[in-house]
Amino acid sequence: MKILVIEDEQALYESILSYFTGDGNICEHAADFEAGVEKIELYSYDCILLDLGLPGGEGLEILSRLKKLNKKEGVLIISARHSLDDRLSGLDLGADDYLVKPFHLSELKARVSAIVRRKNFDGDSVIKFNEMTIDVGAMKVNIDGTPVFLTKKEFDLLVYFLSNKNKVVTKNAMAEHLWGDEIDLSDDFDFIYTHVKNLKKKLSEAGARDYVRSVYGIGYKFAEA
Amino acid sequence: MKLSTHYNRVNILTSVIVLIVTGIIYYLFIHLILTNKLDKDLVVEENEIRQYTDTYQKLPLPASYIDQRVSYGNVTGNAHGIREFSYTNYYNPREKEIEPGRSLITTVRLGDKNILVTITKSRVESEDLVRIILLITIIVTLVLLIVLTLINRFMLNRLWRPFFAILNRMKGFEVSKMDTISGEPTRIDEFNELNRSVNAMAEKVKQDYKELKSFTDNASHEMMTPLAVINSKLDSLLQTEPFSEQQGALLEDIYQATGRLSRLHQSLLLLSRIENNLISDARKIDVKELVEEKRRQFHELFERDGLHIEMHLSDQKIIMSRYLADILLNNLFSNAVRHNISGGTIRIELSEHKLILSNTGKTLNIQNRMFDRFSKSTESEGMGLGLAISKQICNLYGFNIEYSHAGNMHFFSIYLG
């Protein structure tokens, strides 16, 4: 997928670019308002990551220009502003999602993947990975034609892993993804272990290979061995 | 009590008292004057009888004239020189009824005899006069009362209309909506001044609100950006595996600390935003539905600790921000899970105007400071802000949140509205 990151904080966009690049993704970057406007007018993307406070103008202005140009890009607002007004006006203006800083790169990737899936397949998208077929809209998983029955959390976890293939995702990020960041999970993410274990068990019973491995107790990595 | 009611009460009470006192004084004076006049008439009559007796050496006939009767009697005992006025009854032969009267009892000397003379006059006319005067006074009083009440009701209501208009606009004023308070034009200086002051105040409030909001936004932005960088760099660093076991442990510690710092900062910002009433998406919330949603959300956490959940929910809707309602319940649920014992119980009761969350747990040593910021039990892993935020949210909406405990049960009760 082709992604544009409009963000002025160098350290942050470098991390985002390096996390997103690879796996067939193309990432471009604009560091201020003018550059952002220029890029959206000239090119097309699958998804735009938009920071709200930019040098030279407001991020929301870029969003409304994008809508005026009748472009169909998915837009994910990334902002330090937790203000509900901003969130609502962003979503009103046609943004697809809103992520508050600081965020986990894995969460960002999962959200961007979800937006791109929605945009490209109208929600009926199917993710294929080797022997796995995952119908995101219908919430169904097949391993070589054998259906696997997952709970909602296990399914979300699998999609999350697939969005962050070959990346180490922390337990912390996984917990926040599954239960929302407003729940104070008391720093004890060991119960994530149970969910991962159940998921692995169900997948391997249906004949899938084991792609998930634990990384130093920090998190997990979904990758071809 | 309303100002107009208060004013009316004082006004009408004073008027009534003054009128009653006036009436009484009237009555007494007129009564006195009329009695004096009657007495004079009686004296005139007495004089006539004396002159007649002196001239003719006999008593005039004990006759009844119009409204007057003279009778004679013998002096008994030593009633010599008696002369007194008194209130008596007068028998009116024409009307054949007893009327109130005034008598003069005196003695007349006839030869060497003292004759007791009683002259009685009817008081009916003067009584009538007094009655008419009393009636007029009462009518005037009533008319005055009615007029005063009407004036107060209509005149005062009209006079106060601009005041209530301003008041209503003030009630409807929401700082986050950035609207202005425009008063009703009026000729009354006081209300015009009130209008001006209210507008000036609203302007100032709006100005302060804007400044506060932009400060909060800026502070949040400035602190969140480095945090976001640390987070993203950590995520990037993690991708450069393999690490040694030791590096892995270090990374995990840094992750934990960064996570805590982010949450701490978010909580503090949230607190200040609630305090400053910067969250304004109030709408109708179905509490029952929300509690059930939270139960699903926390399902895995309950399972992890083997907690038993009991819920008794009745329908209850309140007006508040959905965002804050979420946070409030999240905090209470988190709290009930975190301070529970393995295999314990959480009981949720939602009745009309009351939500009670109770959980089993250890005895705590911070009961009085339960809702204070950063107060937490020694073994707690939280930041000690959850309940402070809950309290602040409750304050914002006028709910009352209370903590109590009985044995190893801890109760958090919220009185909704």
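If you're wondering where the values come from, they're calculated on a predicted model, not measured in any experiment. (Residues numbered from 1 in each chain as written. Chains lettered and ligands numbered in written order. Predicted model: local features only at pLDDT ≥ 70, side-chain atom pairs only at ≥ 80, totals over all residues.)

**Let's talk about the overall build of chain B**
Part 1: For chain B, the helix and strand inventory stands at eight helices and 12 strands.
Part 2: The burial tally for chain B puts 22% of its 417 residues in the buried class.
Part 3: Taking contacts inside chain B between residues at least 6 apart in sequence as the whole, the part at least 24 apart equals 64%. (Helix = DSSP H or I, 4+ residues; strand = E, 2+ residues; numbered from the N terminus. Buried ≥ 20, exposed ≤ 12 C-beta atoms within 10 Å, placed from the backbone. Contact = placed C-beta atoms within 7 Å.)

**Focus: the overall build of chain A**
Part 1: For chain A, the helix and strand inventory stands at eight helices and 14 strands.
Part 2: Of the contacts formed within chain A by residues at least 6 apart in sequence, a portion of 58% connects residues at least 24 apart.

**Focus on the packing of helix H6 (residues 152–163) of chain A against helix H7 (residues 171–179) of chain A**
Relative orientation and spacing of two packed helices are given, respectively, by the angle between their axes and the distance between those axes.
All names here are of chain A.
Part 1: Remark: H6 packs on H7, axes separated minimally by 10 Å, with the N-to-C direction vectors making an angle of 130°. Judged on the interaxial angle alone, H7 and H6 are oblique. Where H6 crosses over H7, the handedness of that crossing is right-handed. The residues of H7 that touch H6, namely those facing Lys153, Asp156, Leu157 and Tyr160, are Met174, His177 and Leu178.
Part 2: For the contact of H6 with H7, a count of residues per class yields four nonpolar, one polar and two charged. (Axes fitted to C-alpha atoms, helices over the stretch in contact; angles between N-to-C directions. Parallel < 35°, antiparallel > 145°, perpendicular 65-115°, else oblique. Left-handed = near helix turned anticlockwise from the far one by under 90°. Nonpolar A, V, L, I, M, F, W, Y, C, P; charged D, E, K, R; others polar.)

**A few points about the interface of chain B and chain A**
Part 1: Taken together, the contact between chain B and chain A spans 43 residues of the former and 36 residues of the latter.
Part 2: For the side of chain B that touches chain A, the secondary-structure elements that each account for two or more residues are helix H3 (189–238), helix H4 (245–275), helix H6 (299–304) and helix H7 (322–338) of chain B.
Part 3: Among the elements that take part in the side of chain B that touches chain A, H3(B) stands out by supplying 14 residues, more than any other.
Part 4: Across the side of chain B that touches chain A, the residue classes tally to 12 nonpolar, 17 polar and 14 charged.

**Concerning the sheet that holds strand S13 (residues 212–215) of chain A**
Backbone hydrogen bonds are what pair the strands of a sheet, in a parallel or an antiparallel way.
Residue and element names in this part refer to chain A.
Part 1: Strand order across the open sheet formed by three strands is S12-S14-S13, with antiparallel pairing between neighbours. Each edge of the open sheet carries a strand with a single partner, namely strand S12 (168–170) and S13. For this sheet, the mean angle separating the axes of adjacent strands, direction not counted, is 35°.
Part 2: In the sheet, S12 pairs with strand S14 (residues 219–222) via three bridges, with the strands oriented antiparallel. Paired with Thr170 across the strands is Gly219, a residue of S14. (Pairing = 2+ DSSP bridges.)

**A look at H7(A)**
Note: α-helices contain 3.6 residues per turn, so residues at a spacing of three or four share the same orientation.
All names here are of chain A.
Part 1: For H7, the buried fraction is high: seven of the nine residues fall into the buried class.
Part 2: If you check which residues of H7 are buried, you get Lys171, Asn172, Ala173, Met174, Ala175, Glu176 and His177.
Part 3: Gly180 sits one or two residues past H7 and shows a positive phi near 85°.

**So, the sheet that holds strand S8 (residues 126–129) of chain A**
All names here are of chain A.
Part 1: Taken in spatial order, the four strands of this open sheet run S8-S9-S10-S11, and their pairing is antiparallel. This sheet does not close on itself; its edge strands, each paired only once, are S8 and strand S11 (146–148). Across the sheet, the mean angle from the axis of one strand to that of its neighbour is 25°, orientation sign disregarded.
Part 2: In terms of strand pairing, strand S10 (residues 140–143) meets S11 through three bridges, oriented antiparallel. In the strand pairing of S11, Asn142 is matched with Pro147.
Part 3: Strands S8, strand S9 (132–135) and S10 of the sheet are contacted by H6, whose axis makes an angle of about 115° with S9.

**Digging into the confidence of the model for chain B**
Part 1: Averaged over all residues, the pLDDT of chain B is 83; the fraction at 70 or higher stands at 93%.
Part 2: Taken over the whole predicted complex, pTM reads 0.63, whereas the ipTM for its chain interfaces reads 0.87. (pLDDT = per-residue confidence, 0-100.)

**Overview of the packing of helix H1 (residues 3–56) of chain B against helix H2 (residues 124–171) of chain B**
Residues and elements named next belong to chain B.
Part 1: The N-to-C vectors of H1 and H2 enclose an angle of 165°; their axes lie 10 Å apart at closest approach. As judged from the angle between their axes, H1 and H2 are roughly antiparallel. Crossing geometry of H1 relative to H2 is assigned as right-handed.
Part 2: Classifying every residue of the contact of H1 with H2 gives 17 nonpolar, 11 polar and no charged.

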